[in-house]
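# Report on the structure
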Amino acid sequence: MPASIVVGTQWGDEGKGKATDYLADRMDLVVRYQGGNNAGHTILAEGRTLKLQLIPSGILYPHITSVIADGVVVDPRVLLEEMDGLEAIGIDPSRLVVSGNCHMIMPYHLEVEKVTERFLGKNALGTTKRGIGPAYGDKAARIGLRIQDLFDEKILREKLDIVLKEKNLLLTRVYGRLPLAAGTIVDDYLRYAERLRSHVADTSKLIHEALREGRSVLLEGAQGTMLDLDKGTYPFVTSSNPVTGYALASAGIGPREVDRVIGITKAYVTRVGAGPFPTEDHGPDGERLGERGKEFGTVTGRKRRCGWFDAVILRYAARLNGLSELFVTKLDVLSGFRTLKVCTAYRADGETFDDFPPHQSLFHRAEPVYEELEGWDEDLTQARSFGDLPAAARVYLDRISELAGVPISVVSVGPDREQSLARDAAGATG
Ligand code: IMP
């Protein structure tokens, strides 16, 4: 059975959790492949709300094995808190499997990020301050500590001593902070180790065997294509690779195992943190999108910047990820606008760009070229099929699909499961 990938096509917060939830019935393994507790989704279970940042939402389904693959950076304290939170609402976290190759977020990563973001002043990236960048930095510098290090106390102490010497010099001499004590960190992490031991496994082997046995595997990315370290709006990006190419590296499978690549695209665009955003609307329309769409970050609670649909970045995401289909979320939020703007190209320095511009300065200066489509007044939240959507909404979807060159397979009009409308087999939107 081939694997599927779910990937965000914008700057994150596209509603990937919704898509995973929609596909969950048909999945046996759900694998998170990058990022850390900078991502987040809210789940509703047993009448209670729970925010998950690390554990894939597949954990809600007893038939699904949830996997955290090598490319994720894990803060073990946060992971254990999430497991406790699940238990508290009656969800058994024992089907969670974590790769021993995952790098860990350590207390000094949080400290270092705090001071370096402050140091950047007005050039700060507006990170989620969860230690993500410093942890991936240490991974690349080959001084990271991995989950597997937890199970050899001697190694753990040795590696920590080496790295902490340098981190403490940085914290005390450069940033004037207090040093961190190795003993406290080791005590805490050894305690985490005991609780995590039964969850740690060779996840690449597990995924490979599942595929061989004909089971369905869903690889779930965090953040979105435009936050990709290589392909996004660098330096205003995260420190990992949400693009689908990395899903394979992290899961440890080859490209021939994947046959479905689902690009999650919100019906408008949002962004949290600093960085260019050509279709951002600073006026009442942007406000209205934010209010109707409840656009506040799951992790930091920050207000998201809102703007119009950008087909240039969607085309770029389609190319980078090899999208086979689109899952459009939050279409209901667009009800009540007289007209809807769709960005089809950018203008910068007297030139028109149909594609993502090749230099970051051009993207910073990019002015959107808009096409206006008719809006609709109808409330879409009660729609249960494409045929229930007003004609203007179907035209809007068709135009998005045409501009991206990718068919739409599902559209969602609200948070509940039955508010995901599958396009019929004939491919008609109405
Ligand atoms: P970091 O991932 O915490 O290093 O933050 C880097 C940038 O990515 C910041 O602009 C964050 O706001 C953004 N970011 C990280 N995770 C998410 C996410 O899940 N959704 C949206 N933006 C995110």
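Right, let's walk through the structure included here. None of the values given here were measured: they were computed from a predicted structure.

With that out of the way, let us pick up the overall build of the protein. Summing up its helical and strand segments, the protein has 12 helices and 20 strands in all. For 430 residues, the compact-globule formula gives about 22 Å, and the C-alpha radius of gyration of the protein, at 22 Å, lands near that figure. In terms of principal-axis extent, the alpha carbons of the protein reach across some 65 × 50 × 40 Å. When each of the 430 residues of the protein is scored for burial, the buried share is 56%. Within the protein, contacts between residues separated by at least 24 positions form 77% of all contacts whose residues are at least 6 apart in sequence. When the accessible surface of the protein is split by element, carbon and sulfur atoms take 51% of a total near 18000 Å². Taking the 53 positively charged and 60 negatively charged side chains of the protein as two groups, their mean positions are separated by 4 Å.

With 6 of 8 residues buried, helix 8 (residues 244-251) is to be regarded as a mostly interior element. Of all the positions in helix 8, only Thr244, Tyr246, Ala247, Leu248, Ser250 and Ala251 are classed as buried. Buried residues in helix 8 make contact with strand 1 (3-8), helix 4 (132-141), helix 7 (203-212), strand 10 (217-220), strand 11 (258-266) and helix 10 (311-321).

Within the structure shown, the criterion is met by 10 aromatic pairs. Taking the centre distance of 5.7 Å and the plane angle of 75° together, the rings of Tyr22 and Phe327 count as edge-to-face. One end of the pair, Tyr22, is in helix 1 (residues 16-23); the other, Phe327, is in strand 15 (residues 325-329), and 305 residues separate them in sequence. By relative accessible area, Phe327 is classed as buried at 1%.

Note on placement: Glu14 falls in the loop between strand 1 and helix 1. What makes Glu14 buried here is its relative accessible area of 1%. Here the side chain of Glu14 touches Thr9 through a polar contact of 3.4 Å, landing on its backbone nitrogen. Look past the residues within four positions of Glu14 in its chain and what remains in contact with it is Gly8, Thr9, Gln223, Gly224, Ile264, Thr265, Lys266 and Thr329.

What follows covers the site of the ligand. In the vicinity of the ligand, 15 residues are found, and the nearest of them are Asp13, Asn38, Thr128, Thr238 and Arg302. Val272 places a main-chain nitrogen or oxygen 3.1 Å from an oxygen atom of the ligand. Note that an oxygen atom of the ligand is positioned 3.0 Å from one of the side-chain N or O atoms of Arg302. Class assignment of the residues belonging to the shell around the ligand gives a composition of 6 nonpolar, 7 polar and 2 charged.

Cis geometry is found at the peptide bond from Tyr234 to Pro235, where omega equals 5°. Here Pro235 lies in the loop between strand 10 and helix 8. A positive phi angle, near 55°, is found at Lys129, a position not held by glycine. Mapped onto the secondary structure, Lys129 falls in the loop between helix 3 (107-120) and helix 4. In this structure, Asp349 is a non-glycine residue whose phi angle is positive, near 50°. Note on placement: Asp349 falls in the loop between strand 16 (339-348) and strand 17 (351-353). Relative accessible area serves as the criterion here: at 53%, Asp349 is assigned to the exposed category.

What follows concerns the packing of helix 2 (residues 76-88) against helix 6 (residues 182-196). Helix 6 packs onto helix 2 with a crossing angle of 45° between their chain directions and a minimal axis gap of 10 Å. With respect to helix 6, the axis of helix 2 lies oblique. Judged by the sense of rotation from one axis to the other, the crossing of helix 2 with helix 6 is left-handed. Every residue of helix 6 that contacts helix 2 at Pro76, Arg77, Leu79, Leu80, Met83 and Asp84 is listed here: Tyr189, Tyr192, Arg195 and Leu196.

Two side chains bearing opposite charge may form a pair once their charged atoms approach each other closely. For the structure on display, the rule yields 27 salt bridges. A salt bridge links Asp25 to Arg417; the shortest N-O distance between them is 3.7 Å. Highlighted residues: Asp25 in the loop between helix 1 and strand 2 (29-32) and Arg417 in the loop between strand 19 (408-412) and strand 20 (420-422), separated in sequence by 392 residues. Note on Asp25: relative accessible area 52%, which makes it exposed. One salt bridge connects Glu166 with Lys167, and the closest N-O pair in it is separated by 3.7 Å.

Analysis parameters
Residues numbered from 1 in each chain as written. Predicted model: local features only at pLDDT ≥ 70, side-chain atom pairs only at ≥ 80, totals over all residues. Heavy atoms only, no water. Helix = DSSP H or I, 4+ residues; strand = E, 2+ residues; numbered from the N terminus. Rg over C-alpha atoms; globule rule 2.2 N^0.38 Å. Buried < 20%, exposed > 50% of the residue type's maximum accessible area, 1.4 Å probe, protein only. Contact = heavy atoms within 4.5 Å. Areas by Shrake-Rupley, 256 points an atom, 1.4 Å probe, with all protein chains shown as cover. Lys, Arg positive; Asp, Glu negative; His and termini not counted. Charge placed at Lys NZ, Arg CZ, Asp CG, Glu CD. Phe/Tyr/Trp six-rings, centres within 6.5 Å; stacked < 30°, edge-to-face > 60°. Polar contact = N/O pair within 3.5 Å; in protein donor to acceptor, adjacent residues only side chain to side chain. Near = heavy atom within 4 Å. Nonpolar A, V, L, I, M, F, W, Y, C, P; charged D, E, K, R; others polar. Axes fitted to C-alpha atoms, helices over the stretch in contact; angles between N-to-C directions. Parallel < 35°, antiparallel > 145°, perpendicular 65-115°, else oblique. Left-handed = near helix turned anticlockwise from the far one by under 90°. Salt bridge = Lys/Arg side-chain N within 4 Å of Asp/Glu carboxyl O.

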